[in-house]
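# A closer look at the structure
Take a look at the letters that make up each chain.
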Amino acid sequence: MKILICGSSGEVGQDLIKLLSKKNYKIVAASRSKISKKIKKKKIKYLITDFSKKFKIYQKFDLIINCIATHEFSKTKKLTDYLNSNVFALINILKKYNNTDVKILNLSTISIFDLTKYSILREDNTSIINNNLSVTKFIGEKVLSLGNSQTINVRLPGVLTTSKNYFRPWLKNIVNKISNNEDIQLYNSKKKFNSVIDTYEIVRFIDHILKKKFVSGTYNLSANKPINLSQLILTIKTNLKSTSKVKNLGNNKSNTIISNNLIKTKLKFQPSTVMQIVLRYLND
């Protein structure tokens, strides 16, 4: 099978290149900017392509993975950057591959929603935050739904990657502080938490939809079995043999459990648990 990864120079995209190339997939990694650390394998080919404009790629693919995104941590983040990355790139991908056999997987984000308004976040929730990221990502999802191709949007929480050099998402930052024996401050320590996923799990999901079940739609992809946040922090401290102290700051409104019921019932995919994902990250 051949996979086109759009936006492959980003942190998630580079992980997908590395992890998918270890399996029986041929990878074409396309990005607007040159990737400095290329993986040298026969299975991988690199292209410089700007998907916000009409592009010329003539190869046939079984799956297109869209990792293109402008977000609050991007180097350039004018409104035109958000529109080019989160909307126009998808329009051009759909124009090129609509009415073909290629499947499209679009990596979206749960941060399009106002998480303070929900105790449980489902795919049919509608309170979209009024900012450039949320609005353009939501429009991008709707663009794909207008086409005739088989398309899946997956809304992701903070993604743990194999790189330890980044300060995001929130949990990676916490792990870095605990590993350095720094004290941490914590909200909602007594509440359940499952707002985490990693690139290994995204690859598990890609394997599943290619080999077992691909049903177009929009799905939350988050960890199974929400865990008490203080228990999770204790597990991290124990694993890292850390002397960090934890200060409980009480509760705020941002604690939301992400429902992954739809991905389990329609796609028959069982995500890994919070503990499995976090321990995998710690032991990687």
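Here we summarise the structure given alongside this text. (Residues numbered from 1 in each chain as written. Predicted model: local features only at pLDDT ≥ 70, side-chain atom pairs only at ≥ 80, totals over all residues. Heavy atoms only, no water.)

Another point: the overall build of the chain. Scanning the chain from terminus to terminus reveals 8 helices and 15 strands. Relative to the 2.2 N^0.38 estimate, which gives 19 Å for 284 residues, the radius of gyration of the chain is 19 Å and therefore close to what a compact globule would have. Sequence-distant contacts in the chain: of pairs separated by 6 or more residues, those separated by 24 or more amount to 76%. A total accessible area of about 14300 Å² is found for the chain, and carbon and sulfur atoms account for 50% of it. In the chain, 50 side chains carry a positive charge and 17 a negative one; their mean positions are 4 Å apart. (Helix = DSSP H or I, 4+ residues; strand = E, 2+ residues; numbered from the N terminus. Rg over C-alpha atoms; globule rule 2.2 N^0.38 Å. Contact = heavy atoms within 4.5 Å. Areas by Shrake-Rupley, 256 points an atom, 1.4 Å probe, with all protein chains shown as cover. Lys, Arg positive; Asp, Glu negative; His and termini not counted. Charge placed at Lys NZ, Arg CZ, Asp CG, Glu CD.)

Pairing is parallel in the open sheet, where 7 strands are placed in the order 3-2-1-4-5-7-12. Of all strands in the sheet, those bounded by a partner on one side alone are strand 3 (44-48) and strand 12 (217-220). For this sheet, the mean inter-axis angle between neighbouring strands, taken without regard to orientation, is 20°. Bridge count between strand 7 (residues 150-156) and strand 12: 4 bridges; the pairing is parallel. Considered in strand 12, the bridge of Val-154 is made with Tyr-219. Along the sheet, helix 5 (residues 199-211) contacts strand 1 (2-6), strand 4 (63-66), strand 5 (103-109) and strand 7; its crossing angle with strand 7, the most-contacted strand, is approximately 160°. (Pairing = 2+ DSSP bridges. Axes fitted to C-alpha atoms, helices over the stretch in contact; angles between N-to-C directions.)

What follows concerns unusual backbone geometry. Here the phi dihedral of Asn-99 falls at roughly 65°; this positive angle occurs in a residue that is not glycine. One non-glycine residue, Lys-241, adopts positive backbone phi at about 55°. Within the secondary structure, Lys-241 is located in the loop between helix 6 (229-240) and strand 14 (246-248).

Turning our eyes to something else, we now look at the side chain of Ser-242. With respect to the helices and strands, the residue Ser-242 is situated in the loop between helix 6 and strand 14. Accessibility expressed as a relative area gives 12% for Ser-242, which makes it buried. Within polar-contact distance, the side chain of Ser-242 engages the backbone oxygen of Ile-178 at 2.7 Å. Excluding anything up to four places from it in sequence, Ser-242 contacts Ile-178, Asn-181 and Lys-237. (Buried < 20%, exposed > 50% of the residue type's maximum accessible area, 1.4 Å probe, protein only. Polar contact = N/O pair within 3.5 Å; in protein donor to acceptor, adjacent residues only side chain to side chain.)

What follows deals with the environment of Thr-116. Along the polypeptide, Thr-116 turns up in the loop between strand 5 and strand 6 (120-121). Each C-alpha atom of the pair Thr-116 and Asn-92 lies 34 Å from the other, and the pair is 24 residues apart in sequence. A polar atom in the side chain of Thr-116 sits 2.6 Å from the side chain of Asp-114.

What follows is about helix 6. Helix length check: helix 6 (12 residues) gives 17 Å between terminal C-alpha atoms against 16 Å at 1.5 Å per residue, within 8%. Where helix 6 is concerned, the buried positions are Leu-229, Leu-232, Ile-233 and Ile-236. Seen end-on, helix 6 carries its buried residues on one side only, within an arc spanning 100°. In helix 6, the exposed residues that point more than 90 degrees away from the buried face are Leu-234 and Thr-238. Considering only its buried residues, helix 6 is in contact with helix 4 (170-179), strand 9 (184-186), strand 10 (192-193), strand 13 (227-228), strand 14 and helix 8 (274-283). Of the residues flanking the end of helix 6, it is Lys-241, one or two places downstream, whose phi is positive at about 55°. (Expected span 1.5 Å × (residues − 1). Arc of directions from axis to C-beta.)

Taken N-terminus to C-terminus, the directions of helix 4 and helix 6 make an angle of 45°; their axes are 10 Å apart at the nearest point. When the interaxial angle is binned, helix 4 and helix 6 end up oblique. Of the two elements, helix 4 crosses helix 6, and the hand of that crossing is right-handed. Facing helix 4, whose interface residues are Trp-170, Leu-171, Ile-174, Val-175, Ile-178 and Ser-179, helix 6 presents Leu-229, Ile-233, Ile-236, Lys-237 and Leu-240. A per-class count over the contact of helix 4 with helix 6 returns 9 nonpolar, 1 polar and 1 charged. (Parallel < 35°, antiparallel > 145°, perpendicular 65-115°, else oblique. Left-handed = near helix turned anticlockwise from the far one by under 90°. Nonpolar A, V, L, I, M, F, W, Y, C, P; charged D, E, K, R; others polar.)

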